[in-house]
Amino acid sequence: MNPSAVDLTTSYLGLTLRSPLIASPSPLTGDVDSARRLAVAGVGALVLPSLFEEEIVAEELSLTAALEAGAGVNPEATNYFPPVEGATLADRYLANLERIKSAVDVPVIASLNATSVGAWSRYAELVARAGADAVELNVYRVAANPQFAAADIETADLELIADVCAKAKVPVAVKLSPYYSSMAHFVHQVIGAGAAGLVLFNRFYQPDIDLETMDVECRLQLSTRVELGLPLRWIAMLRPQVPDSVSLAATSGVHEGKDAAKALAVGANAVMMTSELLRLGPERVAGVETELRSWLAEHEYDSAAQLRGSVSRVTAEAGEAFERANYMATLRSWVGVGAGPGR
Amino acid sequence: MAYALSEVISLYPITPSSPMGEHADDWAAAGVPNLFGEVPDIVEMQSEAGAAGALHGALQKGTLATTFTASQGLLLMVPNMFKIAGELLPAVIHVAARSVATHALSIFGDHSDVMSVRSTGWAMLSSATVQEAQDLALVAHAATLTSRVPFLHFFDGFRTSHELSSVTPLEHEDMAALIDTRAIEELRLRGMSPDHPDVRGTAQNPDVFFQGREAASPFYREIPGIVAHAMEELAQRTGRRYGLVEYVGAPDADRVVVLMGSGCGAVEETVEVLRARGERVGMIKIHLFRPFPSAELIAALPRTVKRISVLDRTKEPGGVGEPLYLDVRAALDEAMDAENPPFAAAPHVVGGRYGLSSKEFTPGMAKAVFDDLAAEKPRRHFVVGVNDDVSLSSLAWDPEFTAPRPEGELQAMFFGLGADGTVGANKNSAKIISDGTGKHVQGYFVYDSKKSGSMTVSHLRFGPQPIRSTYLITAADFVACHSHGLLDRVNVLEWAKPGATFLLNSPYPVDEVWERLPDPVRRTLVEKRVELWVVDAQRIAAEAHMGTRINTVMQVCFFALSKVLPVDQAIADIKGAVVKTYGRRGQTVVDHNIAAIDSALAGLTRVLPVEAAVTGADDSASVRDFSDASRFVREVTSVLIADRGETLPVSAMPADGRFPSGTARYEKRAIASEIPIWDPVICSDCGKCAIVCPHAAIRMKVYAPEALAEAPAEFPSKVFRSKELTGHLLTIQVAPDDCTGCGLCVEVCPARSKTEARHKSLNLEPVLEHSDVERTRWDFFQTIPELDRSLLAHNTVKGAAVLEPLFEFSGACAGCGETPYLKLISQLFGDRLLIANATGCSSIYGGNLPTTPWSANRQGRGPAWANSLFEDNAEFGLGIRIGLEAQQRAARTLLHGLSAAVGEPLADAILGATQADEESVFAQRERIVSLKERLAVLSPAGNALARQAAQLNVLADSLVRKSVWIVGGDGWAYDIGFGGLDHVLASGRDINVLVLDTEVYSNTGGQASKATQRGAVARFAASGKGTPKKDLGATGRAYGNVYVAQVAIGANDVQTIKALMEADAWPGPSLVIAYSTCIAHGIEMSTSMTHQKDAVRSGYWPLYRFHPTVEEVGEPLTLDSREPSIPVSEFVNSEVRFSSLARSDPDRSRDLMKLLERDAAERWRYYSQLAGVHRTLVSDGVEDEPEEDGEGADGSAPAPAVATDREVKP
């Protein structure tokens, strides 16, 4: 089989993508030049960096505070800036979206990072109007308030998702955290709320501590291949449970063509990448695609579709391993100090 | 008008004209076309001289060009003004007329600037009101085109330039109607062109120059007719009729006052009152001042006039009289000499001065002028408005005399704090009322001289008639006090009219309000039957997430109480204004404001007086204590601090402008709401807090334990950790009433609690909970003796922080990035420091009355400070240095001569002292004490050496080494003063230059300078500066013998200290460029040290020291910062000056950011290369001073400078 003859097309959120490899939100997808390079390198779609509600508010407040700080204090200077007009963060996001959309020939997915009901449905409409082919909704929260039960949080999240799905004129994928108590149950409710797909999972950057200054530091840490396990397990379990019309995308830990192959095998419609591209540049997409094609060709697959879902909870030979059993197996795989996992 | 009628606008900022240029720049950035459909080209120049040069060039090319200026700025244009007029080039300069600096700088209004250019050949047209400033601007532009003579259009700085007033706008059609397009075509045809070449600006000889000068006379004869014609056309179109000279008053007046400018309003009102009383009075308002309209003046005067008083808003010391007076007299004289004299008997003419530097000019003063004219012998050269108890020239006036207010008018006064939004809200209210009622409005805003915690007073008038009152309100129907704390500082009800309404923002529960009021306020409330309403605006604003911005709450309450509009309509309009102001920035701030507006009325409550609680006692809560102050401070400064400077007579003022140092400490402004409180347990003794404090309000003292003998209970201290100095204690103490609460000390404090990381050794806590205790502690702390300066090395942060600051409690912005450097040089060299300070922020917080932060130590020594101008500071500082050296030479010569008499060992020791370090400077100072003792013995009359001894006694102190510093901002160093700075650096002299580089003209409101970085938005660079920042250090480095350092105290404090000490020690020129965070950067000032760190980490601001060396393999440049570790974008995106461009023009922002990144990368690459370059200081072995003992004039090491003519011995 000639690798170039392998058909990589996939359907994601009702969109037909030329490749399952999607560039997930990063500075690369937010810049016209690098977005164009990603498209040239062969991504199936790209997801823009998230529009954060907090950022929009913070920008507005800090700008106003800075502009007003010296105003009306001194006879020589009524203030210190020319009139600061123009686009808000959200306006700029939309303008950038339009620019990127017109610069690339692949679907462009807008990403919203939501914390509250209301504001986001407006942006969901606006991004669609600006040309987004779909919306990726990040439901991100750190449930640190002891007054809220798990059910309260799930209810609030579902309200938000339903609100956005109802208002968005394009399909909505919901990017979830892995921390829901009953993931499968919740996923079904998310689908019920109108989601056309799920992106699994949101990778949280955990704050670090600088031991010299004792300050809390937020630093970007790139993913490693080890992290792929979590999405693999869940996609494998969810694929047989959810309708075919619901797209599943794997994210976290995809660095090579083989990683993509694994994600497809458990049933992912699309495979998202960031860290590898940040490390090696947009052109790395082409390399991963070549690796994927080669693997498929070597293993005599005609298409990615053929591979998709072949190793899910239901279709795998020992599919139960995706559930609790694999915990025991993992523990027993340890062969001794200094030896590392026995594989 | 100027924008609409110009193609080229050259600019340079100067108060109060800057807003004209700023508007022009804003409009151009927004693409607003002029009358001809083009966007004018706006070019900011390096000085007003440059702006005039560019104007001249644009005119010679045949374009329509203008500029705006005032004061010294206008004087810098003088040479070009002569040229432009001499070449009959039509142009207009619009001048917001301002005092020219004499014994002091003043930014306020009078005619001393415009009167200084009356010989340049420019026609001069004066506007007295805001409406006139618009209308006559058009007349000036129209008349210059027709007449070819350039016009100077002027109006009073601040009083007219900054007054908010309802005007009827002129439309483009009006302008088009007055502008002669054929004249524009002719202008273009006369413009320089190689297609029809000619030569201009020739040099002429005695044979023809004079004739050439006279050749233009006919053009001047045409001007009155041309101006009158333009005025008539304007009247035809608008109904607003102006004359070259206007008469108002009784047709049969026997007394007439002549003047021009905003003072006309007060005189006109007075004329009406006096006429109503049956007095035959009138006034002449002059619009055209040059060419002087003699015929029109004579024609306008009633034939009945017997006496004329001419008022000038300028002073011409030594003249027969002021300019307008002389002109009127001469015009009358000539008229009376003519064939048909206009008057049966020549009127008696007197003249006087009024209103210098925006001094109030009221109807009471105008009446005094009329009254004096009625006296048997009117005063000839009087002043009115001040009490001149020195020359006894002043007219007494009745402050109670007022013009009756028109029916239906409301006068309101608002006392606010600078940062609370009061001024903005009042401007907004005026607009709402004007739009909503069609009433005429007038707003005038008075500020104090501080940049932090300043008080603002807004004077608003609303009425059915046009408002002519060009003076402050003295009978307010409504008074609002937006800050309870102001009640202790000023008598806010002094100008409340009986029965007025008083709105107070009070943080106290309603039932406590009355007892919380200072007694004088309660007394006035009762005596004047003032209705008191309170609202806790702070709480309401805070609940609406508005922080300290109480403006909208107070605005709603004002409308509710004043009933100037139906309250519902007012609220709807306020909300509309909020949406208009903030809507473009997003919804959050709009929501916050709306929430504050909606809850305002519920919090408004009437408080009834409790008469029993009113006592006669004055229990002002002032913490000011003048008991240890000099007589001058007690009798003069204290009055200024109390905001009653108006009451001081002429005799109270130093005639030469010299004021005592060390007065800021008496202000006790108590403006902080939170102050740092020290936890000694955690303190690591690092001294960073004291080094970084912009206000010297947090101090570090190290002392022997015995010093605590009389300490108040629980006075905090800890053992001082030091290898050099054991057995000492340390205290970090805040001056609670001088702290601005900026929080920088807390931000830089590195010492954290082991158990709670957020608790540092310094923590901001509410001032109300701590001020009493901290006041007691601060009082005691001041009595602890300063540590012997020799006990700790000064080149460490700890060692420098302990040194006594001789720059304290400045009124700079809270968190100012400039003042820590000044404080540091005062700590390191303060007792031998001479400072030449360029005009700018540092001269304002350094020397704007009432007080100065420059102070002295217990021995009475401290920095001697002076400001000359903006443009000449380097030269001024060099002059100080040269003067010092002259004195040193004279002293050395005298000492040589007296060597035997005073004792050769002492004389030799003094003459041979190297004074390389502070210890030897101190030793020299001791020797000078001995010298003076011996000179005293020689001094008695009759002693043969008495005269020389007396001369040496006066000069002896100059033999102690001095440190001369030339201080200024980037506007000075990079732009207006650059030529001089370059020359002074080239001089090889032992001077030190400190550039406080905020990368923008901070003082005048954030205009771009050549220090502004690429991509930054600034005034005059509204679309982002497209060109890179100049490498000023390169200028110094290029000479090879100049010490140059680039520092940022927040990034590397030790490097800053080292650089300043090395600069001082370097016997030639030194240039230290100091990164200074500024409110104009659009940052949270409490985090400014982090911004400095990031500026350095990103390579935006590399740190280096260039120390010229004589070593063959020496590498003079040391890079003190590491290779960039964060992208420049990460640093700049956190500052509004950069991020705002991403909003207004994202594409341009992206492009400029890329270039800025490259600028930084290239700078780093270049400096890295320079750091490896060997460069040898060229020394020809010729010493700096022709002294046989081979030292500098003050005994310091000779400057190993490159040879100059001066240094080469014949």
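Residues numbered from 1 in each chain as written. Chains lettered and ligands numbered in written order. Predicted model: local features only at pLDDT ≥ 70, side-chain atom pairs only at ≥ 80, totals over all residues. Heavy atoms only, no water.

Novice: Help me understand the sheet that holds strand S16 (residues 410–417) of chain B, please; the structure alone is not making it clear to me.
Specialist: Consider a sheet: its strands pair through backbone hydrogen bonds, and that pairing is either parallel or antiparallel. Residue and element names in this part refer to chain B. As summarised here, the arrangement of the eight strands in space is S7-S17-S18-S16-S19-S20-S21-S22, forming an open sheet in which the pairing is mixed. With partners counted over all chains shown, the strands left at the sheet margins are strand S7 (164–165) and strand S22 (605–607), one partner each. Two elements, S16 and strand S18 (residues 455–463), share eight bridges in a ladder whose sense is antiparallel. For Phe414, the partnering residue across the bridge sits in S18 and is Ser458. Here helix H15 (residues 422–437) sits on the sheet in contact with S7, S16, strand S17 (440–447) and S18, set at roughly 5 degrees to S18. On the sheet, helix H20 (residues 551–562) packs against S16, S18, strand S19 (476–481), strand S20 (496–505) and strand S21 (531–535) and is oriented at approximately 150 degrees with respect to S20. (Pairing = 2+ DSSP bridges. Helix = DSSP H or I, 4+ residues; strand = E, 2+ residues; numbered from the N terminus. Contact = heavy atoms within 4.5 Å. Axes fitted to C-alpha atoms, helices over the stretch in contact; angles between N-to-C directions.)

Novice: Where do I start with the environment of A:Thr78 in this structure?
Specialist: Structurally, A:Thr78 can be placed in the loop between helix H3 (53–69) and helix H4 (89–103). Since its relative accessible area comes to 28%, A:Thr78 is described here as partly exposed. For A:Thr78 and A:Glu68, which are ten residues apart along the polypeptide, the C-alpha to C-alpha distance reads 10.0 Å. Setting aside residues no more than four positions away along its own chain, A:Thr78 makes contact with A:Gly70, A:Ala71, A:Gly72, B:Lys427 and B:Tyr447. (Buried < 20%, exposed > 50% of the residue type's maximum accessible area, 1.4 Å probe, protein only.)

Novice: Looking at this structure, I do not really get empty space enclosed by the protein. What am I missing?
Specialist: Empty space left among the atoms is revealed by rolling a probe the size of a water molecule over them. All names here are of chain B. Going through the model one piece at a time under the given rule, you end up with twelve cavities of 30 Å³ or more. In terms of lining residues, the largest cavity is bounded by 37 residues, among which Thr839, Gly840, Phe870, Asn1003 and Thr1004 are the most central. With four residues, the single largest contributor to the lining of the largest cavity is helix H34 (residues 970–976). (1 Å grid on protein atoms, 1.4 Å probe; cavity = no way out; pocket = protein on both sides within 12 Å on 5 of 7 lines; lining within 4 Å. Points joined across faces, edges and corners; volume = space filled by probe spheres on them.)

Novice: What's the story with the pattern of salt bridges in this structure? I'm lost.
Specialist: Applying the stated rule across the entire model yields 84 salt bridges over all chains. A:Arg225 is the partner of A:Asp259 in a salt bridge, and the nearest nitrogen-oxygen pair spans 2.7 Å. Separated by 34 residues along the polypeptide, A:Asp259 in helix H9 (residues 257–266) and A:Arg225 in the loop between strand S10 (215–217) and helix H8 (229–238) bring together distant segments of the chain. Taking relative accessible area as the criterion, A:Asp259 reaches 1% and is therefore assigned buried. Across the pair B:Glu7 and B:Arg188 runs a salt bridge whose closest N-O atoms are separated by 2.7 Å. Of the two residues, B:Glu7 sits in the segment before strand S1 (8–11) while B:Arg188 sits in helix H8 (residues 181–190), which places them 181 residues apart along the sequence. Here the salt bridges do not stand alone but share partners, grouping B:Asp997, B:Glu999, B:Lys1029, B:Glu1135 and B:Arg1137 into one network. (Salt bridge = Lys/Arg side-chain N within 4 Å of Asp/Glu carboxyl O.)

Novice: I'm lost on the confidence of the model for chain B in this one. Help?
Specialist: Fine structural detail should not be taken from predicted coordinates in areas where pLDDT scores are low. Residue and element names in this part refer to chain B. Looking at chain B, pLDDT values average 94 and 96% of them are 70 or higher. Low pLDDT, under 50, characterises residues 1182–1193; the stretch is placed with 36 contacts to residues that sit more than four places away or in other chains. Low pLDDT, under 50, characterises residues 1195–1210; the predicted model gives this stretch 44 contacts beyond four residues in sequence or across chains. The complex prediction reports pTM at 0.92, with the ipTM value standing at 0.88. (pLDDT = per-residue confidence, 0-100.)

Novice: Teacher, can you tell me more about the interface of chain A and chain B here?
Specialist: Interface size is commonly expressed as the accessible surface area that is lost when the partners come together. Facing 35 residues of chain A, the contacting portion of chain B comprises 53 residues. A salt bridge links A:Arg99 to B:Asp1147; the nearest nitrogen and oxygen atoms lie 3.1 Å apart. Inspection of the chain A/chain B interface yields 15 residue pairs in polar contact (both at pLDDT 80 or more). In terms of residue count, the dominant contributor to the side of chain A that touches chain B is H3(A) (ten residues). Residues belonging to the side of chain A that touches chain B are distributed by class as follows: 17 nonpolar, nine polar and nine charged. (Polar contact = N/O pair within 3.5 Å; in protein donor to acceptor, adjacent residues only side chain to side chain. Nonpolar A, V, L, I, M, F, W, Y, C, P; charged D, E, K, R; others polar.)

Novice: Please clarify how the packing of aromatic side chains should be interpreted in this entry.
Specialist: Residues and elements named next belong to chain B. With the rule as written, the count across this model stands at 28 aromatic pairs over all chains. With a centroid separation of 5.8 Å and 20 degrees between ring planes, the pair formed by Trp778 and Phe781 is classed as stacked. In this pair, Trp778 and Phe781 both sit in helix H26 (residues 767–783), three residues apart, roughly one turn of the helix. In terms of burial, Trp778 and Phe781 fall into one category: buried. (Phe/Tyr/Trp six-rings, centres within 6.5 Å; stacked < 30°, edge-to-face > 60°.)

Novice: I keep staring at the packing of helix H2 (residues 48–60) of chain B against helix H4 (residues 78–86) of chain B and nothing clicks. Help me out?
Specialist: Angle between the axes and distance between the axes are the two parameters that describe a pair of packed helices. Residue and element names in this part refer to chain B. Two elements in contact, H2 and H4, have axes separated by 8 Å at closest approach and are oriented at 15 degrees. The angle between the axes of H2 and H4 places the two elements in the roughly parallel class. Two packed elements cross with a definite hand, and for H2 against H4 that hand is left-handed. Contacts from Ala49, Ala52, Gly53, Leu55, His56 and Leu59 in H2 reach Asn80, Lys83 and Ile84 in H4. When its residues are assigned to classes, the contact of H2 with H4 shows five nonpolar, three polar and one charged. (Parallel < 35°, antiparallel > 145°, perpendicular 65-115°, else oblique. Left-handed = near helix turned anticlockwise from the far one by under 90°.)

Novice: Help me understand the pairing of strand S8 (residues 197–200) of chain A in this model?
Specialist: Every other side chain in a regular strand lies on the same face of the sheet, so the side chains alternate between the two faces. All names here are of chain A. The alternating pattern of S8 places Gly197 and Val199 and Leu198 and Leu200 on opposite faces, both of which are buried. The pairing of strand S7 (residues 172–176) with S8 spans four bridges and is classified as parallel. Paired with Ala173 across the strands is Gly197, a residue of S8. Where S8 lies against strand S11 (residues 247–250), four bridges are found, and the strand directions are parallel. Paired with Gly197 across the two strands is Ser247, which belongs to S11.

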